[in-house]
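If you want the building blocks of each chain, they are given just below.
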Amino acid sequence: MSTTTTEIAGRELTFNKAGHLASFGDWDPEIAEALAADEGLTLTECHWKVIEFLRAYYETHEMPPSPRVIIRAIGEDLSAHVPCTRKHLEALFPNGGCKQACRVAGLPRAYCQSC
């Protein structure tokens, strides 16, 4: 798979053809902010809950959780007053839902097929 190197947040980072970080370990919160800004997102507390959950889940399982798993695990944190749904999750990341969340969270594309 072809890669490109781009400077983000003052660091040279390698991205795959689909625009995902090539290395999970290159990610940090500053990179997430820069990636989100490139996609027109301003990260809120709800975005960070999803991002942190995705990264922790990936570190344990080496794959992302499905939207159903995300909603079950942190849905109440995302939407305390109404039931959290996949539409609510997709509204947080409007340019691809879980796949956009995976990009911002620094997960490799190969692991975001289940989203």
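Quick notes on the rules
- Residues numbered from 1 in each chain as written.
- Predicted model: local features only at pLDDT ≥ 70, side-chain atom pairs only at ≥ 80, totals over all residues.
- Heavy atoms only, no water.
- Salt bridge = Lys/Arg side-chain N within 4 Å of Asp/Glu carboxyl O.
- Helix = DSSP H or I, 4+ residues; strand = E, 2+ residues; numbered from the N terminus.
- Buried < 20%, exposed > 50% of the residue type's maximum accessible area, 1.4 Å probe, protein only.
- Phe/Tyr/Trp six-rings, centres within 6.5 Å; stacked < 30°, edge-to-face > 60°.
- Pairing = 2+ DSSP bridges.
- Axes fitted to C-alpha atoms, helices over the stretch in contact; angles between N-to-C directions.
- Parallel < 35°, antiparallel > 145°, perpendicular 65-115°, else oblique.
- Left-handed = near helix turned anticlockwise from the far one by under 90°.
- Contact = heavy atoms within 4.5 Å.

(A) Main features of the pattern of salt bridges. Under the defined criterion, the tally for this structure stands at 3 salt bridges. One salt bridge connects Asp28 with Arg11, and the closest N-O pair in it is separated by 2.6 Å. Here the residue Asp28 occupies a position in the loop between strand 2 (11–16) and helix 1 (29–38), and Arg11 occupies one in strand 2, the gap between them amounting to 17 residues. Its salt-bridge partner being Lys49, residue Glu45 comes within 3.4 Å of it at the nearest N-O pair. Of this pair, Glu45 and Lys49 are both found in helix 2 (residues 45–61), 4 residues apart, which corresponds to roughly one turn of the helix.

(B) Inspection of the environment of Met63 at higher detail. Position of Met63 relative to the elements: it lies in the loop between helix 2 and helix 3 (67–78). Overall, the relative accessible area of 41% leaves Met63 in the partly exposed class. Taking C-alpha positions, Met63 is 9.1 Å from Pro108, a pair spaced 45 residues apart along the chain.

(C) A look at the packing of aromatic side chains. This model, assessed by the stated rule, comprises 3 aromatic pairs. Note on Phe24 and Tyr58: the rings are 4.3 Å apart at their centroids and 45 degrees apart in plane angle, and the pair reads as tilted. With Phe24 in the loop between strand 2 and helix 1 and Tyr58 in helix 2, this pair connects stretches of sequence that are 34 residues apart. According to the relative accessible area criterion, Tyr58 is buried, its value standing at 11%. With a centroid separation of 6.5 Å and 65 degrees between ring planes, the pair formed by Trp27 and Trp48 is classed as edge-to-face. With Trp27 in the loop between strand 2 and helix 1 and Trp48 in helix 2, this residue pair connects regions lying 21 residues apart in the sequence.

(D) Here's a closer look at the pairing of strand 2. As judged from the 6 bridges shared by strand 1 (residues 3–8) and strand 2, these two strands associate in the antiparallel manner. Note that in strand 2 the partner of Glu7 across the bridge is Glu12.

(E) Geometry of unusual backbone geometry. Positive phi values are uncommon outside glycine, yet Ala9 reaches one of about 50 degrees. Mapped onto the elements of the fold, Ala9 is located in the loop between strand 1 and strand 2. Its identity is not glycine, yet Glu62 carries a phi of approximately 60 degrees, on the positive side. Tracing the chain through its elements places Glu62 in the loop between helix 2 and helix 3. Take Glu62: its relative accessible area is 52%, and that puts it in the exposed class.

(F) Here's a closer look at the packing of helix 2 against helix 3. Two numbers describe how helix 2 lies on helix 3: the axes approach to 10 Å, and their chain directions differ by 150 degrees. The orientation of helix 2 relative to helix 3 falls into the category roughly antiparallel. In terms of crossing hand, the pair formed by helix 2 and helix 3 is right-handed. Seen from helix 2, the contacting residues are Cys46, Lys49, Val50, Phe53, Leu54 and Tyr57; seen from helix 3, they are Val69, Ile70, Ala73, Ile74, Asp77 and Leu78.

Keep in mind that these numbers describe shape and distance, not what the molecule does.
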